[in-house]
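Commentary on secondary and tertiary structure
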Amino acid sequence: LKTVLTYVREFFRLYWANEAAHEEWSRELEAQFGLTAKQYGLLRAVERQADITTTDLTELLGKAQPAITQMLNRLEKNGFITREASTSDKRKRELKMTPKAQKVLDTVEPVGPTRVALALEHANDREAGEVVRAMELLHDWMTKRKLKKK
């Protein structure tokens, strides 16, 4: 029978291993391609949904609208995306990935949240539901749950 401390140790072992892997991946991504992990995630989102909006991106990446606009400006300036007026609605701008961006996405396997998102696309309903419920529970414990005093 596992003790409470065993679960705590196992949780932190996994948590810190994931954090370290993501940090290392992020440094390599930035050094090789000049992209942050969030910018990479944004490119993956554009790749997956051609008509994605900035509102969709704010929800997916957990960033405010001005931060998303700033990321898009940087990606456009660095040749990863273009923004063109929509043919169906002149008020909208369509995001298009450039061959430079596609090369990065074809070359770089994601680590961390982007990898989980890609895995969820291929999971069955039961698996995806279990992962989401576990994350909801963790979120609740990390932000709301009152801790009992011993």
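Refer to the structure above for everything that follows.
Residues numbered from 1 in each chain as written. Predicted model: local features only at pLDDT ≥ 70, side-chain atom pairs only at ≥ 80, totals over all residues. Heavy atoms only, no water.

1. A short note on the overall build of the protein chain
The number of helices and strands found in the protein chain is 7 helices and 2 strands. Taken from N to C terminus, the helices and strands of the protein chain fall in the order α-α-α-α-β-β-α-α-α. For 150 residues, the compact-globule formula gives about 15 Å, and the C-alpha radius of gyration of the protein chain, at 19 Å, lies well above that figure. Projected onto its principal axes, the C-alpha coordinates of the protein chain cover approximately 60 × 35 × 30 Å. Scored against the burial criterion, the 150 residues of the protein chain give a buried share of 25%. The long-range fraction of contacts in the protein chain, counting pairs at least 24 apart against all pairs at least 6 apart in sequence, stands at 42%. Just so you have it, the protein chain exposes about 11200 Å², and 56% of that area is on carbon and sulfur atoms. If the 27 positive side-chain charges of the protein chain are averaged to one point and the 22 negative ones to another, these points end up 7 Å apart. (Helix = DSSP H or I, 4+ residues; strand = E, 2+ residues; numbered from the N terminus. Rg over C-alpha atoms; globule rule 2.2 N^0.38 Å. Buried < 20%, exposed > 50% of the residue type's maximum accessible area, 1.4 Å probe, protein only. Contact = heavy atoms within 4.5 Å. Areas by Shrake-Rupley, 256 points an atom, 1.4 Å probe, with all protein chains shown as cover. Lys, Arg positive; Asp, Glu negative; His and termini not counted. Charge placed at Lys NZ, Arg CZ, Asp CG, Glu CD.)

2. Here we look at the nonpolar core
Within the largest apolar cluster, 23 residues are counted, with the highest numbers of intra-cluster contacts made by Leu 42, Leu 43 and Leu 57. Of all elements in the fold, only α1 (4-33), α2 (37-48), α3 (54-61), α4 (65-77) and α5 (99-107) reach the threshold of two or more residues within this core. Among the elements that take part in this core, α2 stands out by supplying 6 residues, more than any other. Not counting residues up to four positions away in its chain, the partners in contact with Leu 42 are Leu 57, Leu 61, Met 71, Leu 72 and Leu 75. (Core = buried A, V, L, I, M, F, W, Y, C linked by side-chain atoms within 4.5 Å.)

3. Here we look at a nonpolar patch on the surface
A cluster of nonpolar side chains, Val 4, Leu 5, Val 8, Phe 11, Phe 12, Tyr 15, Trp 16, Leu 137, Trp 141 and Met 142, forms an exposed patch at the surface whose accessible area comes to about 1000 Å². Elements with a contribution of two residues or more to the nonpolar patch: α1 and α7 (125-143). At 7 residues, α1 tops the list of elements feeding residues into the nonpolar patch. By the element assignment, Trp 141 lies in helix α7. Trp 141 sits in the partly exposed class, given a relative accessible area of 44%. (Patch = residues over 30% accessible without salt bridge, like charges linked within 9 Å, V, L, I, M, F, W, Y side chains within 5 Å. Salt bridge = Lys/Arg side-chain N within 4 Å of Asp/Glu carboxyl O.)

4. Topic: the packing of aromatic side chains
Taken as a whole and assessed by the stated rule, the structure comprises 4 aromatic pairs. Taking the centre distance of 5.9 Å and the plane angle of 25° together, the rings of Phe 11 and Tyr 15 count as stacked. With Phe 11 and Tyr 15 both in helix α1 and 4 residues apart, the pair spans about one turn of that helix. Accessibility expressed as a relative area gives 30% for Tyr 15, which makes it partly exposed. A ring pair is formed by Trp 25 and Tyr 40, whose centres lie 5.1 Å apart and whose planes are at 85°; its orientation type is edge-to-face. (Phe/Tyr/Trp six-rings, centres within 6.5 Å; stacked < 30°, edge-to-face > 60°.)

5. A word on the packing of α2 against α5
At a minimum axis separation of 11 Å, α2 and α5 run at an interaxial angle of 100°. Judged by the angle between their axes, α2 and α5 are roughly perpendicular. Taking contact as the criterion, the partners of Tyr 40, Leu 43, Arg 44 and Glu 47 in α2 are, on α5, Ala 101, Gln 102, Val 104 and Leu 105. Residues belonging to the contact of α2 with α5 are distributed by class as follows: 5 nonpolar, 1 polar and 2 charged. (Axes fitted to C-alpha atoms, helices over the stretch in contact; angles between N-to-C directions. Parallel < 35°, antiparallel > 145°, perpendicular 65-115°, else oblique. Nonpolar A, V, L, I, M, F, W, Y, C, P; charged D, E, K, R; others polar.)

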